Amino acid sequence: MRLRRPRLLLPVAIAIVAIVALFFLFSGFYTDYLWFDNVDYTTVFSGMLLTQIVLFVVGALLMVGIVGGNMLLAFRMRPMFGPAMFGGASGADRYRMALDPHRKLIFIVGMAVLALFAGSQFAGQWKTWLQYVNGTDFGQKDPQFGLDIAFFMFDLPFIRMLLNFLFTAIVMSAILAAITHYLYGGFRLQSPGVHASRAARVHLSVLLGVFVLLKAGAYFVDRYDLVFSDRGFVHGASYTDINAVLPAKTILAIIALICAAMFFAGVVRPGGMLPGVSFGLLVLSAVLIGGVYPALVEQFQVKPNQQAKESTYIKRNIDATRQAYGIDNAEVIEYDAKEDPAQVNAAGDTSVSGVRLLDPSLVSKTFQQTQRIRGFYDFPDALDVDRYPDTGGKMIDHVVAVRDLTGPPSEQDNWINRHLVYTHGFGFVAAPGNKVTSGDVTTQGGLPDYDAKDLPGSGALAEKLKEPRVYFGEQAETEYVIAGGNPNNPQELDYPESAGTGQKNTTYTGVGVPVGSFFNRLVYAAKYGEVNILLSSDVNDQSKILYERDPRDRVAKVAPFLTLDANPYPAIVDGRIKWIVDGYTTSNNYPYAQSESLETMTRDLAVERRVVAAQPRDKINYMRNSVKAVVDGYDGTVTLYGWDDKDPILKTWGKAFPGIIRPVSEMSADLRTHVRYPEDLFKVQRYQLARYHIEDPGAFYGGQDVWVVPRDPSAGANNDIKQPPYYLTTTMPGGKPTFSLTTTFVPRQGPNLAAFMAVDATAGPDYGKLRVLRMPSSTAIPGPGQAQNNFQSRFAGELNLLGLQSSAVRYGNLLTLPYAGGLVYVEPVYIQAAAGTGQEPYPILRRVLVSFGNKIGSADTLEDALKQVFGGAPANNQPPQTNPGNQQPANPATTQLTQAIDAVAKAYNDGQNALKESPPNWTKFGESQKALQGALANLEKLKAQGTSATPTASATPSASPSPSASPSASPSGGS
């Protein structure tokens, strides 16, 4: 009895391990179903699951049927007399003797493993299959084969997948059948050659014939793949592809058919001559016809005359690329930009008066220090830009963010606090982008003038918010929370009360997966490896578990066929906080279109400096913003709106998952006002337009007018990071002020401005309209880098004074706008001063720099800086768009510092004017230098006395008063 126990122990242990493993596997599957059921997207779950199961079964059965069937056939064809048929002993005998007693077990296990891998690989192609069976025509034909674009987008990938699967099956069948024949005496490798039974020879000849037959089919299909070729000057079929490779593929397909017939002939004709000839013919033709001939055409016909030979195919690429990326309707306007302020009349031009000055990347720290309230709340590293009405109903650009919850304080970080108490963020924070508080550094001037702030919420915009709680957001660090519970005894922290150390609690009332039943608690305890879910008495029949809390993750799960924008943004919609996520349909199968990495096209300073999701490195050559996804910040409800209902790929997925895409007509009016043109699509389009604004093949080949996106000038001198696009309200020539997404271009070799591009970002009749202002080639308009250099060199001394007492000067986003018949640059300048003991430094807006041509202005307000550039002395020097309600009394130290700067400016300008006289007036110049030395000494004295006030605007010098002065500049990035 004791001897039998070890025999029973092992099977029992294996069974227990298997049961536990299966339970954990089931837990993952079942909790996924509960999640999809909770968000009402079970059609996606069931559709994906059913498709994957069917493909798994079909792939497994096909592979096992083909490979296993050929192995069994080889075994049944073994010689009647076994290995002795060819006489003598063989090295295969000992392998056969070792394996033969276990051949059934080995065969079953081997086929099971093969089925698992083949089925998994086939099931992994579920997207390809669904697009194939639900494909929607584009209504456009490719210029070479005359086939609808849908063939290349949906059919060709499936045909390729099927061919690869069959190739794998036949190759494995041939290898395993040959091994079986060898083990059981079907053939022998011995001198003077290979000796094979007729059955083995016939079997292997048929398999090789089938392989060559598949190769003939692959050659024929390769003809259509030429539309994706990268052999030529651009992507798509080139001159060599059409005139050499295309006929070569057709010839090779015919030769492969002949070779397949010769392999099949080996069934009735003994000997290895026919298979040998067919194999040699196949290899030789592939080398000469498929390789050497196209190479000769390319080298001796195309390269000496590439422009002429490739012109037709370059034009095809240009047209296809512009269509595939949605830039074919971009309007390029020849813009006779003025460079001299004296040539224009800016009086009465208010098109830039309300431009956004708050930089979303810089003021994030300001939001954190002034509106975080408690350490367990936080804001993202870069804020978002949206628009909301002011008190008069006018739509104003706002910098917005959600006060999200990161988790409990480290001292109280336990399971109950993390998952049951600290469950949600609270509140929406917003500030007009063109307004800051009045005063200086000592009186907290230059801060965002919030119209939604504090806890539980105050301000005109906050009054519109009926549900400020945020259970689903970008900053939540806790993977899951369990909310709801007993409403009579709420335990979820809502927000800390302003008086004392108390807190307001609440109970979640939205949707979620119920975890009241023992079984649901058990499966979630297994999913998260947390026994407290099962044992905690705080989890009751009314509790709900909330997970997949990042809005982007939720959309990705319910719509796995979409590529998502890297930067979701929050908005107050119908009294609730909603996350808006832009969804793209992408492909790399659009014929003739230029293929690029999505990650490369969207990479810029915003991606480098901000904590946003990076785009995949997959290459694409087609992109549409087909879906606007909305995630409710309170209950996580996901709604998908078909924004581009003409997109054939979206129609295809709509057939695959009927009912999940809602028509855009169901969008509420309030939601439509917050829809904006997406950043990543715009980045991709500007990347392509930098080259594909050229439509003439000859000019395209020459490349003289190719543009590039300039590097971000605020990121420092030694960087090669592109400047991000900026959301702001701008006025295109002849148009009205419009919320837009803007960018600039410079020549591929040269710092001057080449073009300015803007897209209407507001939902309406002109939404998505791309307009490009092309600068005149005869006029040198400074580019962003030149404008930044001019700012830094001209006002180095003044800006350094802004950074008194070790505070750093930080440059905000350098905005470019059409203005007064030219292009004006506007850049806010911040002081990053410490807020107080225990707080991190945060930036405060203290200057606005303006540049038009080579004329520069610097003042406390945009209006005053514009007056300096275009003429007219500023009437006053109040900070930008100040709020009268926050007016502070003048600071004596500010007055002294202002007078000192005025003296420096006057002395410097007097000296420059003396040098401009003809001949130069050296007497006046000497007097001005003495005055300049005295003024600078006075400034140093004020600095030594600890003056901390920031100077108000005054007449500023046209160059740095001190050659050695340089600001302690720190870069910024963002949009």
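Residues numbered from 1 in each chain as written. Predicted model: local features only at pLDDT ≥ 70, side-chain atom pairs only at ≥ 80, totals over all residues. Heavy atoms only, no water.

Colleague: Would you take a moment to explain the side chain of Ser285 for this structure?
Modeller: Position of Ser285 among the secondary structure elements: in helix α9 (residues 273-302). Residue contacts for Ser285: discarding those within four places in its chain leaves Leu252, Ile255 and Gly290. (Helix = DSSP H or I, 4+ residues; strand = E, 2+ residues; numbered from the N terminus. Contact = heavy atoms within 4.5 Å.)

Colleague: What exactly am I supposed to notice about the confidence of the model for the chain here?
Modeller: Note: predicted coordinates in regions of low pLDDT should not be interpreted at a detailed level. Looking at the chain, the pLDDT average stands at 85 and 83% of residues meet or exceed 70. Contacts of residues 873-894 to residues separated by more than four positions or lying in other chains number 51 contacts, the stretch itself having pLDDT below 50. Segment residues 946-975 is flagged for pLDDT under 50; beyond a separation of four residues in sequence, or across chains, it makes 119 contacts in the model. (pLDDT = per-residue confidence, 0-100.)

Colleague: I'm lost on the pattern of salt bridges in this one. Help?
Modeller: Per the counting criterion, the structure on display carries 25 salt bridges. Here Asp413 ties to Arg418 by a salt bridge, and the two come within 2.9 Å at their closest N and O atoms. Asp413 gets classed as partly exposed once you look at its relative accessible area, which sits at 39%. Close ionic contact of Lys628 with Asp582 constitutes a salt bridge, the shortest N to O distance being 2.4 Å. Within this pair, whereas Lys628 is found in strand β21 (residues 622-632), its partner Asp582 is found in strand β18 (residues 576-587), the two being separated by 46 residues in sequence. Judged by relative accessible area, Lys628 falls into the buried class, the value being 1%. (Salt bridge = Lys/Arg side-chain N within 4 Å of Asp/Glu carboxyl O. Buried < 20%, exposed > 50% of the residue type's maximum accessible area, 1.4 Å probe, protein only.)

Colleague: Can you walk me through the sheet that holds strand β6 (residues 395-402) in this structure?
Modeller: What links the strands of a sheet is backbone hydrogen bonding, and the strands pair in either a parallel or an antiparallel sense. Strand order across the open sheet formed by three strands is β5-β6-β9, with antiparallel pairing between neighbours. Looking at which strands have only one partner, the edges of the open sheet turn out to be β5 (384-389) and β9 (428-432). If you compare each strand with its neighbour and ignore which way they point, the axes differ by 40° on average. Alignment of β6 against β9, held across five bridges, turns out to be antiparallel. Each bridged residue has a counterpart across the sheet, and for His398 the counterpart in β9 is Pro432. (Pairing = 2+ DSSP bridges. Axes fitted to C-alpha atoms, helices over the stretch in contact; angles between N-to-C directions.)

Colleague: Mind showing me how you'd approach the packing of aromatic side chains here?
Modeller: For any two aromatic rings, the description comes down to two numbers: the centre-to-centre distance and the angle of the planes. In the structure shown here, the tally under the stated rule is 49 aromatic pairs. Here Phe36 and Phe45 contribute two aromatic rings whose centre-to-centre distance is 5.5 Å and whose plane-to-plane angle is 40°, an arrangement assigned as tilted. Judged by relative accessible area, which is 3%, Phe36 ranks as buried. Look at Phe376 and Tyr422: their rings are 5.2 Å apart centre to centre, the planes differ by 75°, and that puts the pair in the edge-to-face class. With a gap of 46 residues between them, Phe376 in the loop between α11 (363-371) and β4 (377-378) and Tyr422 in the loop between α12 (415-421) and β8 (425-426) connect regions that are remote in the sequence. For the pair Phe376 and Tyr422, a shared accessibility class is recorded, and that class is buried. (Phe/Tyr/Trp six-rings, centres within 6.5 Å; stacked < 30°, edge-to-face > 60°.)

Colleague: Sorry, what's going on with the pairing of strand β22 (residues 638-642) here?
Modeller: Consecutive residues of a regular strand have side chains that alternate between opposite faces of the sheet. Among the five residues that make up β22, five are buried, leaving the element largely enclosed by the rest of the structure. The alternating pattern of β22 places Val638, Leu640 and Gly642 on one face and Thr639 and Tyr641 on the opposite face, and all of these are buried. When β21 meets β22, the two strands line up antiparallel, connected through five bridges. Paired with Ala629 across the bridge in β22 is Leu640. Linking β21 back to β22 in an antiparallel pair, the connection comprises five residues, with Gly636 at a positive phi of about 75°. With three bridges connecting them, β22 and strand β23 (residues 661-663) associate as parallel partners. Counterpart to Leu640 in the pairing with β23 is Ile661. As for the winding sense of the linkage, the β-α-β connection from β22 through helix α18 (residues 648-656) to β23 is right-handed. (Right-handed = clockwise from strand over helix to strand, strands pointing away.)

Colleague: What am I meant to see in the nonpolar core here?
Modeller: The nonpolar side chains of a soluble globular protein tend to be buried with one another. Residues Phe428, Tyr524, Leu640 and Phe657 are the most contacted members of the largest nonpolar core, which totals 147 residues. Here the element with the most residues in this core is helix α6 (residues 149-183); it accounts for 14 residues. When residues no more than four places from it in sequence are discounted, the contact partners of Phe657 are Thr43, Val44, Gly47, Met48, Trp126, Leu130 and Phe561. In this structure, Val344, Leu383, Val429 and Tyr450 belong to the second largest nonpolar core, which totals 35 residues. (Core = buried A, V, L, I, M, F, W, Y, C linked by side-chain atoms within 4.5 Å.)

Colleague: Explain the sheet that holds strand β11 (residues 480-483) here, please?
Modeller: The strand order across the open sheet formed by three strands is β11-β15-β14, and the pairing between neighbours is antiparallel. Two strands bound the open sheet, and with one partner strand each, they are β11 and β14 (513-514). Bridge count between β14 and strand β15 (residues 544-547): two bridges; the pairing is antiparallel. Its bridge partner being in β15, Pro514 is matched across the sheet by Lys544. Lying on the sheet, helix α13 (residues 518-528) is in contact with β11, β14 and β15; it crosses β15 at an angle near 30°.

Colleague: Please explain α18 as it appears in this structure.
Modeller: Owing to its 3.6 residues per turn, the α-helix brings residues three or four apart onto one side. Of all the positions in α18, only Pro648, Ile649, Leu650, Thr652, Trp653 and Ala656 are classed as buried. Structurally, α18 contributes buried residues whose contacts are with α5 (126-134), α6, β18, β21, β22 and β23.

Colleague: Can you walk me through the side chain of Gln131 in this structure?
Modeller: The topology assignment puts Gln131 in helix α5. Overall, Gln131 belongs to the buried group, its relative accessible area being 17%. Excluding residues that lie within four positions of it along the chain, Gln131 makes contacts with Phe154, Ile649, Thr652 and Trp653.

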